[in-house]
Amino acid sequence: MITGGTKLLGVIGAPVTHSLSPVLQNAALRAAGLDYVYVALPVRRDALPSAVAGLRDAGFCGWNVTVPFKTEIIPLLDELDEDARRIGAVNTVVVRADGGLAGYNTDAAGFLAGFAACGISLRGAHAAVLGAGGAARAVLWGLLKAGAARIDIGVRSPRKGAALCADFAADGGVRALHFADDAFAACLRTADVIVQTTPLGMAPHVAEMPPVDWAAVHPAALAYDLIYTPAETRFLREAARYGHRTINGETMLAAQGAEAFFLWTGVRPDAGLMRQALRDALA
Ligand code: NAP
């Protein structure tokens, strides 16, 4: 039951009605017996500063941040954790006891949870990443933090890919190549993991996938698609047909939410329950 003492959490975005976070977070809060409620908060695109000040002043404990505010919110915060700083985006805000706002990004941790769930270590691994957008930044930083030795990014826009690589050049061997470049095809022959971060194959465009010739991919490579609708994309279906192990985006989505939950409450939620709540909502 919501009472005058119930603590407040939410997600800000524009639009935000499609967000699955209220389902995930409220399921986990209920299961943990915590007196919090989590709501979706549509914020006008030109009203971010007043919305952020309003949430803090209205006593919110914290909130998630989604499109289009993940980068725009940074100047409004008092501190950033390393992941948010390196990814250049914030998806979670915690209101400190002194009223200051701390920004975090839980996407890299969420991404890595997919490997942890399968007992896979990335130390020394060679990774191929498809796409160089916002999600790819979290993937890249996650791979580097986990000890990947070499990362090749396949892009359609080498200029954008080069900018992404430049941001991480000091952290390890990262380079961007055009999808159609023979050198990228050669990378796919040796990569231990192939991470798909483009929207290609996301519902309703389920017949799409980035250009990967599975017959030429290293037979032991693991295929990871960040998409969670559908649960099995064409990219993952074809990978499985060629005998590759696969991971879809559900674990990442649930795990990034679980990390945010921990930052707000200090309690580790039941990640399996969050994933099930997500599956039920998507079904
Ligand atoms: P984004 O910032 O728009 O980046 C998309 C990337 O895909 C860009 O590099 C873009 O290339 C490339 N791309 C788009 N259409 C393409 C096409 N037709 N051919 C080749 N490349 C194409 O999007 P995002 O935020 O990174 O999200 C990407 C996907 O990840 C979405 O499906 C999203 O749902 C998923 N995601 C999942 C999670 C999770 O928790 N599971 C979290 C975040 C994102 P250009 O740079 O040339 O435009």
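Residues numbered from 1 in each chain as written. Predicted model: local features only at pLDDT ≥ 70, side-chain atom pairs only at ≥ 80, totals over all residues. Heavy atoms only, no water.

### A look at the overall build of the protein
Here is step 1 of the chain: Counting its regular elements, the protein contains 10 helices and 12 strands.
Here is step 2 of the chain: Whereas a compact globule of 283 residues would reach a radius of gyration of roughly 19 Å, the protein reaches 19 Å, a difference of no more than 12%.
Here is step 3 of the chain: C-alpha atoms of the protein, sized along the principal axes, occupy 60 × 35 × 35 Å.
Here is step 4 of the chain: Counting across all 283 residues of the protein, residues that qualify as buried make up 49%.
Here is step 5 of the chain: Taking the intrachain contacts of the protein between residues at least 6 apart in sequence as the baseline, contacts between residues at least 24 apart amount to 67%.
Here is step 6 of the chain: Within the structure as shown, the protein displays about 12600 Å² of accessible surface, and the carbon and sulfur contribution to it stands at 55%. (Helix = DSSP H or I, 4+ residues; strand = E, 2+ residues; numbered from the N terminus. Rg over C-alpha atoms; globule rule 2.2 N^0.38 Å. Buried < 20%, exposed > 50% of the residue type's maximum accessible area, 1.4 Å probe, protein only. Contact = heavy atoms within 4.5 Å. Areas by Shrake-Rupley, 256 points an atom, 1.4 Å probe, with all protein chains shown as cover.)

### Structural notes on the domain arrangement of the protein
Here is step 1 of the chain: Its domain assignment divides the protein into domain 1 (7-105 + 253-282) and domain 2 (119-244).
Here is step 2 of the chain: At the interface, 7 residues of domain 1 touch 9 residues of domain 2.
Here is step 3 of the chain: Surface buried jointly by domain 1 and domain 2 totals about 750 Å² across both partners, of which 59% is contributed by carbon and sulfur atoms.
Here is step 4 of the chain: Broken down residue by residue, the surface that domain 1 buries against domain 2 is led by Arg86, Ile87 and Leu282, which jointly contribute 68%.
Here is step 5 of the chain: Taken together, the connections running from domain 1 to domain 2 amount to 2 salt bridges.
Here is step 6 of the chain: Note that lysine 145 and aspartate 83 form a salt bridge whose closest N and O atoms lie 2.9 Å from each other.
Here is step 7 of the chain: Between the two partners, domain 1 and domain 2, sit 5 residue pairs in polar contact (both at pLDDT 80 or more).
Here is step 8 of the chain: With 4 residues, helix H3 (residues 82-87) is the largest single contributor of residues to the side of domain 1 that touches domain 2. (Domains from an automatic or database assignment. Buried area = accessible area lost by both parts, 1.4 Å probe. Salt bridge = Lys/Arg side-chain N within 4 Å of Asp/Glu carboxyl O. Polar contact = N/O pair within 3.5 Å; in protein donor to acceptor, adjacent residues only side chain to side chain.)

### Some points on the site of the ligand
Here is step 1 of the chain: Close contacts around the ligand come from 20 residues, with Ala132, Ala135, Arg156, Lys160 and Leu226 the closest.
Here is step 2 of the chain: Between an oxygen atom of the ligand and a main-chain N or O atom of alanine 135, the distance comes to 2.7 Å.
Here is step 3 of the chain: One of the backbone nitrogen or oxygen atoms of glycine 249 is found 3.0 Å away from a nitrogen atom of the ligand.
Here is step 4 of the chain: In isolation the ligand has 930 Å² of accessible area, and contact with the protein removes 73% of it.
Here is step 5 of the chain: Judged by the fraction of its atoms near the pocket grid, the ligand is located in the largest pocket.
Here is step 6 of the chain: Of all the secondary-structure elements, those providing two or more residues to the shell around the ligand are helix H5 (134-145) and helix H9 (250-265). (Near = heavy atom within 4 Å. 1 Å grid on protein atoms, 1.4 Å probe; cavity = no way out; pocket = protein on both sides within 12 Å on 5 of 7 lines; lining within 4 Å. Sits in = over half its atoms within 2 Å of the grid points.)

### Concerning helix H8 (residues 234-241)
Here is step 1 of the chain: The set of residues buried in H8 consists of Phe235, Leu236, Glu238 and Ala239. Within H8, the buried residues cover an arc of 165° as seen down the axis, which keeps them to one side.
Here is step 2 of the chain: Count one or two residues on from H8 and you reach glycine 243, which has phi positive near 85°. (Arc of directions from axis to C-beta.)

### Examining the sheet that holds strand S5 (residues 92-95)
Here is step 1 of the chain: The strand order S2-S1-S3-S5-S6-S4 describes an open sheet built from 6 strands, whose pairing is mixed. Taken across any chain shown, the strands that pair with only one partner, and hence form the sheet edges, are strand S2 (36-42) and strand S4 (79-80).
Here is step 2 of the chain: Summarising the sheet, strand S1 (residues 7-13) and S2 pair through 7 bridges and their orientation is parallel. The partner of leucine 9 across the bridge, within S2, is tyrosine 38. (Pairing = 2+ DSSP bridges.)

### Considering the environment of arginine 137
Here is step 1 of the chain: Take arginine 137: it is sitting in helix H5.
Here is step 2 of the chain: By relative accessible area, arginine 137 is classed as partly exposed at 21%.
Here is step 3 of the chain: The spacing of arginine 137 and arginine 86 is 51 residues in sequence and 8.3 Å in space, taken between C-alpha atoms.
Here is step 4 of the chain: Excluding residues that lie within four positions of it along the chain, arginine 137 makes contacts with Arg86, Ile87, Leu164, Asp167 and Phe168.
Here is step 5 of the chain: Within the structure, arginine 137 has its side chain in polar contact with the backbone oxygen of isoleucine 87 (distance 2.9 Å).
Here is step 6 of the chain: For arginine 137, the side chain forms a polar contact with the side chain of aspartate 167, separated by 2.5 Å.

### Some details on the nonpolar core
Here is step 1 of the chain: The biggest cluster of nonpolar side chains holds 32 residues, and the ones touching the most others in it are Phe111, Phe115, Val129, Leu143, Ile151, Ile153 and Tyr224.
Here is step 2 of the chain: Breaking this core down by element, the ones donating at least two residues are helix H4 (107-117), strand S7 (126-130), H5, strand S8 (150-155), helix H6 (158-168), strand S10 (193-196) and strand S11 (222-225).
Here is step 3 of the chain: When residues of this core are assigned to their parent elements, the largest contribution, 7 residues, is made by H5.
Here is step 4 of the chain: When residues no more than four places from it in sequence are discounted, the contact partners of leucine 143 are Phe111, Leu112, Leu122, Ala127, Val129, Ala148 and Ile151. (Core = buried A, V, L, I, M, F, W, Y, C linked by side-chain atoms within 4.5 Å.)

### A look at the pattern of salt bridges
Here is step 1 of the chain: By the definition in use, this model includes 13 salt bridges.
Here is step 2 of the chain: A salt bridge links glutamate 79 to arginine 96; the shortest N-O distance between them is 2.7 Å. Linking glutamate 79 in strand S4 with arginine 96 in the loop between S5 and strand S6 (101-104), this pair joins segments that are 17 residues apart in sequence.
Here is step 3 of the chain: Overall, the relative accessible area of 36% leaves glutamate 79 in the partly exposed class.
Here is step 4 of the chain: For aspartate 167, the salt bridge identified is with arginine 137, shortest N-O distance 2.5 Å. Pair noted here: aspartate 167 is in helix H6 and arginine 137 is in helix H5, with a separation of 30 residues, a long-range link.
Here is step 5 of the chain: In the salt-bridge network here, residues are joined through shared partners; they are Glu79, Arg96 and Asp98.

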